[in-house]
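Residues per chain are reported as follows:
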Amino acid sequence: AYNCLIHFYKRLSKFITPIVMTMPLNTLSSYSLTLHCLYNRFRQISSSYKLGTSVRCLILVSISIDFMLGWLVFRLTLPHPSLPDSVYLGMDTTVRELKSLITWMMENPAGLKLNSVLSHSLGNFFLYHIHLWVTYVMLVVPFLAPYLITLVNISCYTSLSFQIAILGDLFMLLTIHIHCFYAYARRLALSQYQGLVALWRLFIGKKYNPLRDRVDSADCTVEQLFLGTIIFTILLFLFPTTLTFFCVFFTLKCVAKFITYILKNIILVLQWLPVKG
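Residues numbered from 1 in each chain as written. Predicted model: local features only at pLDDT ≥ 70, side-chain atom pairs only at ≥ 80, totals over all residues. Heavy atoms only, no water.

Novice: Help me understand the nonpolar core in this model?
Specialist: I102, F126, F181 and F249 are the most contacted members of the largest nonpolar core, which has 24 residues in total. Residue assignment for this core shows that the elements contributing at least two residues are α5 (83-106), α6 (116-153), α8 (176-203) and α9 (222-270). If near-sequence neighbours (up to four positions away) are discounted, I102 is found in contact with G123, F126, L127, I130, F181 and F249. One finds L160, F162, I166 and L263 within the second-largest nonpolar core, a separate group that totals ten residues. (Core = buried A, V, L, I, M, F, W, Y, C linked by side-chain atoms within 4.5 Å. Buried < 20%, exposed > 50% of the residue type's maximum accessible area, 1.4 Å probe, protein only. Helix = DSSP H or I, 4+ residues; strand = E, 2+ residues; numbered from the N terminus. Contact = heavy atoms within 4.5 Å.)

Given below as C-alpha cells:
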C-alpha cells in the first residue's frame, strides 16, 4: 500500500508540474486566497518530485492532517446556515455600519468643524455608491445561489486551509467597496495636496517643469498671484474635510487588509512543511 501511494504521488506530481509552470497562478494568487491556497499546494507537490521520499511523506501527512481538520471543523460547526443568507447578513451588517459611519462624518465627527457642503456632498456620493453595491449584490447572489449551496455541500470533503481561503475570498468580496472608497478619497486628497503644493510654489516664484522633472524659477503677474491666492485659500479650507474622509477609509482598509493577512497566515501555517524550499 505504501509503494502504491508513493507511485500515485509521483504520477500526481508529474501531472501538476506543467500546470504550475505554465499557468500564472503566482500572480493571480495575490488577489485570491483560494488561488493562493491551491498554488502553494501545487507548488509543494510539483517541487517534491525532485526531492526525497521523506519529503513526499511529509507533504502527504500535511495534506492528510489538513483534510482531517477540515472535516472536523465542518462537523463541529453543524448545522450550517445557508451561504446566501450569510452573504446577505454580512452585507446588511457591513452596509449598516458604513452608513452610520458616513452619516457621522457628514456632521461634526469628534468635534471637528468640517466644511458642511463638501462633507455632505462626499457623504451622499459614498452613500449612493453603497446603494449601487447593494443592488449589484442583490442581483448577483440569487444567480450564484445554486453554486454557493453546492460549495457548502462539498466543503466537508475539502481541507481546512481551503475552507478558510473561501471564507477569506467572501470577506474580500463583502468589503470591496471599502477599497473603492479609499481609492476615491485618496485620489481627491492627493489632487488637493498637489494643487496646494503647486500654488505654494507660485507664491515663492517657482514652478514645476515636467519636461526636465525639476522646479524652475517663474515670473508671475499680479493677476496670476491674485487668482492663485483665491484658489489656494479654497483648497486649504477644504483639505481638512477631504483628509478626514481619507483617514477614516484608510483605517477601514487597513483593518480589512489585516483580517485578510491573518487568514492568509493561518493558511500558510496549515500548509507549512519542516523542510527548506
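From this point, the discussion proceeds with the structure in view.
Novice: Sorry if this is basic, but what is going on with the packing of α5 against α6 here?
Specialist: Where α5 meets α6, the axes come as close as 9 Å, and the angle between the chain directions of the two elements is 175°. Between α5 and α6, the angle falls in the class roughly antiparallel. Split into classes, the residues belonging to the contact of α5 with α6 amount to 23 nonpolar, four polar and one charged. (Axes fitted to C-alpha atoms, helices over the stretch in contact; angles between N-to-C directions. Parallel < 35°, antiparallel > 145°, perpendicular 65-115°, else oblique. Nonpolar A, V, L, I, M, F, W, Y, C, P; charged D, E, K, R; others polar.)

Novice: How should I be thinking about the pairing of strand β1 (residues 206-209) in this particular structure?
Specialist: Along any regular strand, the residues point their side chains to alternate faces of the sheet. In this structure, β1 lies alongside strand β2 (residues 214-217), joined through four bridges in antiparallel fashion. Residue pairing across strands places N209 opposite R214, the latter belonging to β2. Between β1 and β2, which pair antiparallel in sequence order, lie four residues; one of them, D213, sits at a positive phi of approximately 55°. (Pairing = 2+ DSSP bridges.)

Novice: What exactly am I supposed to notice about the side chain of T158 here?
Specialist: Of note, T158 is situated in the loop between α6 and α7 (160-174). Sequence-distant contacts of T158, defined by excluding residues within four places in its chain, comprise F67, G70, W71 and Q163.

Novice: Any chance you could explain the side chain of T242 here in plain terms?
Specialist: Structurally, the position occupied by T242 is in helix α9. Residue classification places T242 among the buried residues on the basis of a relative accessible area of 1%. In this view, T242 contacts L118, A185, L188, A189 and Q192; residues no more than four positions away in its chain are not counted.

Novice: Sorry, what's going on with the packing of aromatic side chains here?
Specialist: Where two aromatic rings form a pair, the distance of their centres and the angle of their planes describe that pair. Here the structure, examined in full by the defined rule, presents twelve aromatic pairs. Ring centres of W200 and F203 lie 6.5 Å apart, and the angle between their planes is 80°; this geometry places the pair in the edge-to-face category. Of the two residues, W200 and F203 both sit in helix α8, three residues apart, roughly one turn of that helix. Using a relative accessible area of 30% as the deciding quantity, one classes F203 as partly exposed. (Phe/Tyr/Trp six-rings, centres within 6.5 Å; stacked < 30°, edge-to-face > 60°.)

Novice: Help me out: how do you make sense of a nonpolar patch on the surface in this one?
Specialist: The grouping of V61, I65, L69, W71, L72 and L76 at the surface amounts to a nonpolar patch, some 580 Å² of accessible area in total. For L76, the position within the fold is in helix α4 (residues 53-76). On the basis of relative accessibility, which here comes to 73%, the residue L76 falls in the exposed class. (Patch = residues over 30% accessible without salt bridge, like charges linked within 9 Å, V, L, I, M, F, W, Y side chains within 5 Å. Areas by Shrake-Rupley, 256 points an atom, 1.4 Å probe, with all protein chains shown as cover. Salt bridge = Lys/Arg side-chain N within 4 Å of Asp/Glu carboxyl O.)

Novice: What is the right way to read the pattern of salt bridges from this model?
Specialist: Close approach of charged atoms lets side chains of opposite charge pair. Counted according to the given criterion, the structure contains one salt bridge. Here R96 makes a salt bridge to D92, at a shortest N to O gap of 2.9 Å. Here R96 pairs with D92, and both are found in helix α5, just four residues apart, close to one helical turn. For R96, a relative accessible area of 46% gives the class partly exposed.

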